Amino acid sequence: MTRQVARGTPKAQTAAARSRILRHSAVYMMLLPAVVWYAVFCYQPMYGVLLAFKDYKFNMGILRSPWVGLKYFRQFLFATEFWGVIKNTVVISALKLVCSFPAPIILALLLNEVQRLKFKRVVQTVSYLPHFVSWVVVYTLLTIIFTPYGGLVNSLRTQTFGLEAVYYMGEKQYFYPMAVLSDIWKGVGWGTIVYLSAITSVSPELYEAAIVDGAGRMRCAWHITLPGIRPTISILFILATGGILNANTDQILLMQQPANMSISQIIDTYVLKIGIREGRFGYATAIGLFKSVFSAALMFMANSVSKRVGEISIW
Amino acid sequence: MTRKILSTLLALAMLLTLAAPLALGEGTELKHYGDVQLTLLYVWNGGKIAPDDTYNNDVAKAIREKIGVTVAIEGIMMSETEKLNLIFASGDMPDILEFPFWGGSSGESIVIKKAANEGMLLPLEDVIDNYPNLSDAWDVGVVSQKFLETDLNDPLFNGHKYVIPNETPGSIQDITHWAYGAFVRSDIAQALGTDLSAVKTPDDVYNFLKAIKEGGFKDLNGNDVIPASSFHNGWGVDQLYIGFEEHPYFSDYRLDAEGNVTYRFLEQPYLDQVLFVRKLVSEGLLDKECFTTTDTLAEQKTANGTVAVQTAQYSVSLNAMKKLGTWQTNPEIKFTPIGPLAYGDGTTKVQAELNGRNGTHGIAFPVTNKNLEASLAWFDFINSKEGVILTEYGFEGDTFYFNEAGQPRWTDELIAGKVAGDEAQTVMLRNRGIRYYNIPLISSERYLWFGETEPGNADGAEPLIEDYKKLSPIKLYDGYPLSAVFSTFDRQDDYNALMAGERERVARESAYFAETDEEAIAIIEEYREYLRTGENAVLPALLQHVQEQLPTRDDWLF
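This one's a predicted model, so the numbers in the text were calculated from it and none came from an experiment.

Draft legend 1. A look at the overall build of chain A. Of regular secondary structure, chain A possesses 18 helices and 0 strands. Computed over the C-alpha atoms, the radius of gyration of chain A is 25 Å, more than 25% above the 20 Å expected from 2.2 N^0.38 for a compact globule of 315 residues. Counting every position in chain A, which comprises 315 residues, the buried fraction comes to 28%.

Next comes the structure, spelled out in structure tokens:
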């Protein structure tokens, strides 16, 4: 009752909200395309998850096709490839989380220390560029650079050092390094944007005080910058944990080779090959739903841990 | 009396003379449909390049003038099975579909049959007889008895016909000889002094490739040569190991010494073949990139002589040289055939064909087709003699002339362009619509009609390829492929799920790159275990079913 008095009656609240919206109507109008986009492309298709429980018939569509219960979930759980694709997905994602996640933080800290503004901008721009290159192009470049038949790297190995040529893109032991390094190269620059903007919100007075106390650059970065952007890091980490079963389909699909299939078949490429390509839409949807539920659970867990340990959380 | 008989015979002869063009679809009054515009999706991965103007090119205009129908053909650049699934699931269907229809448990056939059974395709049995150039598409001889019974007239179709088989030869001479094999750079063969005709077995192939590697040969840019390679995704590598098959097979079933039906992937020759390729890969005799390469990269490697032994169709290697100019600049590297290699039983490799196609291209009409009658009329016209001449040869006095035998022949200029592999000429012809509408030929009798299976073949065929065709000819087989038994198996869905996703290819190619033979064997054994037990042991049940069907016929072809 007290709360209601403090915040007004529901009628008054609605009126206040309406007036607030009217007052900021231009801002809300700018939000509208995003809302429509989410409604059309994210929420409207959600009824498609019904496919996971249906024996899909072309002429009946999703709603009228007959129900099959949990058949496809059972099929996936008992599939020969189940543990393999789960393990591969988690390993690749975990490697990327360990190696690719800190990379933009480190680069942002380094860029923050650059004094010459012109140089900093050039570095930033150059580091953003790979983000705009599609994985198909990246893969083609990698193939040309690393081919054992006259590629740049192997020419160096054979002609300069007299070593044997190595099939970097095809041999199993090079799959993880190539996947992680190319992922870092492509995403590190773009990833710094959020951290650089977070760094700008750290109060300059803190640095001044630290310098007066005799702190060097390293100490400033360690004791001021990093703690200053910790909330941003934590939130992005929580979101990244939710995506642990997303190992980047485009990249992995392109990098799959006969020799590395045993470690490169991830959930999404499995869904593509065994589900969608073969027209087993119900099976593909069931795996997708399984993945989403598992990812959501992981994100909840990460959020909860972060809340308890660092008092930072998404909600 | 004699006069009566003679006059009767004369009358009959006149009648037959009048009826003959009718049988060929000539001389019949063609119905004009006004201006019907249709779309045809050519569902073959690799695309189909269209003319700049699909409506107003010369051939389209000529066809429209004749029957009032225009068809725009579009290609795809993705898996055929995936595309067909997406088309039917989304309901976004073209007027006409042209697709691989290999029958049995092949992915595309499963989708087409599912679509037909779920009411997505139009039945044709009541209308097809109105089109004389299409109605013989289901004749045994054009297609095989087995293909007809188990796929085109699948028992689940309940007597309906949904798929018109096309790209089907109407005579033995009209069967396309693809000239598959293994081909080596002439200069390398000469330098090694190897008698190429003596290279027959996998061991011979291995020794030959090893000699190439040890020879230290270079490509046109001074880089080391790769002893052997293939075109896209390993296309053609199998030509190096045909010796592991006893003879040509028409199914994946095998019969063991005790008379039991077994499965190809469970047998020793399959494992031997995998280990053979692993040996080639591990010793640097086979291009490590060939299993994931593209045709563009493979063409460069071929034309630059980076590959010493190239596989797949002979014409593809030679055309790569023509396309990239080394045919003229470096004639010394022109590829020449090895062998031909031999099967396990010692007989020379042939292009094995069933008497009548056992699987081919298919044409079907989705229920959203704008005008089935006009669609069929279009196919009927382009399958008539007149239609074939127009779509293949173009325009009399401009792109072709009739020779003394009354056969159409391209002009000398076009023949010269074809021989030289002139890409600009191909583009020019395509933009006029010539050879753009030529795909869906049904019961083709181009050889019988014109003395050549495609324009320019009689006068401009590549002698190297023609010579090779004689060494490794087409061989016709009679009989009923054992794969037909699948159509009466009651767990087809389980089997299709078992084979989904190219698991065999993944296992096989992973084994090629294994560190050791033991590791390769373990990979294959793991796949075999999956075959034996996967999807509630459906494969053993299928083999049991096949075994039970064996006594029902005596003309099975394995």
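Right, picking up where we left off after that structure.
Draft legend 2. Broad picture of the overall build of chain B. A count of helices and strands for chain B gives 21 helices and 17 strands. Taking the principal axes of its C-alpha atoms as reference, chain B extends roughly 80 × 60 × 60 Å. Considering chain B as a whole, with its 558 residues, one finds that 45% of them fall into the buried category. In chain B, once contacts between residues fewer than 6 apart in sequence are set aside, the share between residues at least 24 apart is 80%.

Draft legend 3. Seen up close, the domain arrangement of chain B. Residues and elements named next belong to chain B. In terms of domain boundaries, chain B breaks down into domain 1 (36-175 + 356-460), domain 2 (183-353 + 463-475) and domain 3 (481-557). A C-alpha centroid distance of 31 Å is found between domain 1 and domain 2. Contact residues are listed per partner, giving 5 residues for domain 1 and 7 residues for domain 2.

Draft legend 4. Structural view of the domain arrangement of chain A. As assigned here, chain A comprises domain 1 (1-53) and domain 2 (70-132 + 178-310). Here the C-alpha centroids of domain 1 of chain A and domain 2 of chain A sit 30 Å apart.

Draft legend 5. Seen up close, the interface of chain A and chain B. Listed by partner, the interface residues are 23 residues for chain A and 30 residues for chain B. Within the residue set of the side of chain A that touches chain B, elements represented by two or more residues are helix 16 (261-264) and helix 17 (267-276) of chain A. Per-element accounting of the side of chain A that touches chain B gives the leading share, 3 residues, to helix 17 of chain A.

Draft legend 6. Here's a closer look at helix 11 (residues 175-200) of chain A. Over its 26 residues, helix 11 of chain A runs 38 Å from end to end, which matches the ideal 38 Å to within 8%, given 1.5 Å per residue. By the largest-angle criterion, A:Val188 marks the main kink of helix 11 of chain A, which is about 45°.

Draft legend 7. Fine view of the nonpolar core. If you look at the biggest cluster of nonpolar residues, it comprises 168 residues, and the most contacted ones within it are B:Ile112, B:Ala228, B:Val277, B:Ala308, B:Val309 and B:Trp378. Per-element accounting of this core gives the leading share, 9 residues, to helix 21 (residues 517-549) of chain B. In this structure B:Ile112 touches B:Leu84, B:Phe99, B:Phe101, B:Val163, B:Gly362 and B:Ala364, once residues within four positions along its chain are discounted. Counting 11 residues, the second-largest nonpolar core is a separate cluster that includes A:Leu111, A:Ile184, A:Tyr195 and A:Ile199.

Draft legend 8. Local environment of the confidence of the model for chain A. Of the residues in chain A, 97% reach a pLDDT of 70 or more, and the chain-wide mean stands at 89. Taken as a whole, residues 1-6 of chain A scores under 50 in pLDDT and shows 1 contact with residues more than four places along the chain or in a different chain.

Draft legend 9. Region of the structure containing the packing of helix 20 (residues 503-512) of chain B against helix 21 of chain B. Residues and elements named next belong to chain B. Between helix 20 and helix 21, whose axes approach to 8 Å, the crossing angle comes to 170°. Relative to helix 21, the element helix 20 lies roughly antiparallel. Read as a crossing pair, helix 20 and helix 21 show a hand that is right-handed. Here Arg503, Glu504, Ala507, Ser510 and Ala511 of helix 20 lie close against helix 21, whose contacting residues are Ala520, Ile523, Ile524 and Tyr527.

Draft legend 10. Structural context of the sheet that holds strand 10 (residues 335-337) of chain B. All names here are of chain B. Spatially, 4 strands are ordered 6-9-5-10 in an open sheet, and the strand pairing comes out mixed. Unpaired on one side and paired on the other, strand 6 (226-228) and strand 10 mark the two borders of the sheet. Direction aside, the axes of adjacent strands within the sheet are offset by 25° on average. One ladder, built from 3 bridges, connects strand 5 (residues 183-185) with strand 10; its direction is antiparallel. Within the sheet, the bridge partner assigned to Arg185 lies in strand 10 and is Phe335. The strands that helix 10 (residues 314-324) touches are strand 5, strand 9 (307-310) and strand 10; relative to strand 10, the one it contacts most, it runs at about 165°.

Draft legend 11. Structural view of the pairing of strand 9 of chain B. Where strand 5 of chain B lies against strand 9 of chain B, 2 bridges are found, and the strand directions are antiparallel. Bridge pairing in strand 9 of chain B places B:Phe183 opposite B:Gln310.

Draft legend 12. Main features of the pairing of strand 1 (residues 36-45) of chain B. Residue and element names in this part refer to chain B. By the bridge criterion, 8 bridges tie strand 1 to strand 2 (residues 69-76) in an arrangement that is parallel. Bridge pairing in strand 2 links Tyr42 to Gly75. Sheet topology places strand 1 next to strand 3 (residues 96-101); 3 bridges connect them, and they run parallel. The partner of Leu41 across the bridge, within strand 3, is Leu97.

Draft legend 13. Up close: unusual backbone geometry. Residue and element names in this part refer to chain B. Of note, the bond from Gly339 into Pro340 is cis; its omega dihedral lies within 30 degrees of zero at 5°. For Pro340, the position within the fold is in the loop between strand 10 and strand 11 (351-354). Positioned with a positive phi, Asn536 is a non-glycine residue whose angle comes to about 55°. Considering the arrangement of structural elements, one finds Asn536 in helix 21. Phi at Ala537 is positive, roughly 50°, even though this residue is not glycine. Position of Ala537 among the secondary structure elements: in helix 21. Assessed through the 14 C-beta atoms surrounding it within 10 Å, Ala537 is described here as partly exposed.

Draft legend 14. Geometry of the sheet that holds strand 2 of chain B. All names here are of chain B. As summarised here, the arrangement of the 5 strands in space is 2-1-3-12-4, forming an open sheet in which the pairing is mixed. For this open sheet the edge positions go to strand 2 and strand 4 (164-166), each flanked by a neighbour on one side alone. Geometrically, the sheet is characterised by an average inter-axis angle of 30° between neighbouring strands, direction not taken into account. Along the sheet face, helix 4 (residues 107-117) touches strand 3 and strand 12 (360-364) and points at about 135° away from the line of strand 3. Docked against the sheet, helix 12 (residues 372-382) engages strand 1, strand 2, strand 3 and strand 12, running at close to 85° with respect to strand 2.

Draft legend 15. Expanded view of the packing of helix 7 (residues 102-113) of chain A against helix 11 of chain A. Residues and elements named next belong to chain A. Packing of helix 7 against helix 11 brings their axes to within 7 Å, and their N-to-C directions diverge by 60°. The angle between the axes of helix 7 and helix 11 places the two elements in the oblique class. The chirality of how helix 7 crosses helix 11 is right-handed. Of the residues in helix 11, those touching helix 7 at Ala103, Pro104, Ile105, Leu107, Ala108, Leu111 and Asn112 are Ile184, Val188, Gly191, Thr192, Tyr195, Leu196 and Ile199.

Draft legend 16. Examining helix 6 (residues 82-99) of chain A more closely. Residues and elements named next belong to chain A. For helix 6, spanning 18 residues, the distance from its first C-alpha to its last is 26 Å, which sits close to the expected 26 Å at 1.5 Å a residue. Listing the buried residues of helix 6 in full gives Val85, Asn88, Thr89, Ile92, Ser93 and Lys96. Seen end-on, helix 6 carries its buried residues on one side only, within an arc spanning 115°. The exposed set on the far side of helix 6, more than 90 degrees from its buried face, consists of Trp83, Ala94 and Val98. Those residues of helix 6 that are buried are in contact with helix 11, helix 15 (249-255), helix 16 and helix 17.

Draft legend 17. Fine view of the environment of A:Asn303. All names here are of chain A. Looking at the secondary structure, you find Asn303 in helix 18 (residues 281-310). Using a count of 20 C-beta atoms within 10 Å as the deciding quantity, one classes Asn303 as buried. Residues Asn303 and Tyr128, spaced 175 residues apart in sequence, show a C-alpha to C-alpha distance of 29 Å. Residues within four places of Asn303 in sequence aside, it is in contact with Ile238, Ser313 and Ile314.

Draft legend 18. A look at the environment of A:Tyr195. Residue and element names in this part refer to chain A. In this structure, Tyr195 sits in helix 11. Taking C-alpha positions, Tyr195 is 30 Å from Ala39, a pair spaced 156 residues apart along the chain. Setting aside its immediate chain neighbours within four residues, Tyr195 contacts Pro104, Ile105, Ala108, Ile229 and Thr232.

Draft legend 19. Structural detail: the environment of B:Phe265. Residues and elements named next belong to chain B. Mapping Phe265 onto the fold places it in the loop between strand 8 (261-263) and helix 8 (268-282). Counting along the chain gives 63 residues from Phe265 to Pro202, while the straight-line C-alpha distance between them is 19 Å. Beyond its immediate sequence surroundings of up to four residues, Phe265 is in contact with Tyr270, Glu504, Arg528 and Leu531.

About the cut-offs
Residues numbered from 1 in each chain as written. Chains lettered and ligands numbered in written order. Predicted model: local features only at pLDDT ≥ 70, side-chain atom pairs only at ≥ 80, totals over all residues. Helix = DSSP H or I, 4+ residues; strand = E, 2+ residues; numbered from the N terminus. Rg over C-alpha atoms; globule rule 2.2 N^0.38 Å. Buried ≥ 20, exposed ≤ 12 C-beta atoms within 10 Å, placed from the backbone. Contact = placed C-beta atoms within 7 Å. Domains from an automatic or database assignment. Expected span 1.5 Å × (residues − 1). Bend = angle between axes of the 7 residues up to and from the residue. Core = buried A, V, L, I, M, F, W, Y, C linked by C-beta atoms within 7 Å. pLDDT = per-residue confidence, 0-100. Axes fitted to C-alpha atoms, helices over the stretch in contact; angles between N-to-C directions. Parallel < 35°, antiparallel > 145°, perpendicular 65-115°, else oblique. Left-handed = near helix turned anticlockwise from the far one by under 90°. Pairing = 2+ DSSP bridges. Arc of directions from axis to C-beta.

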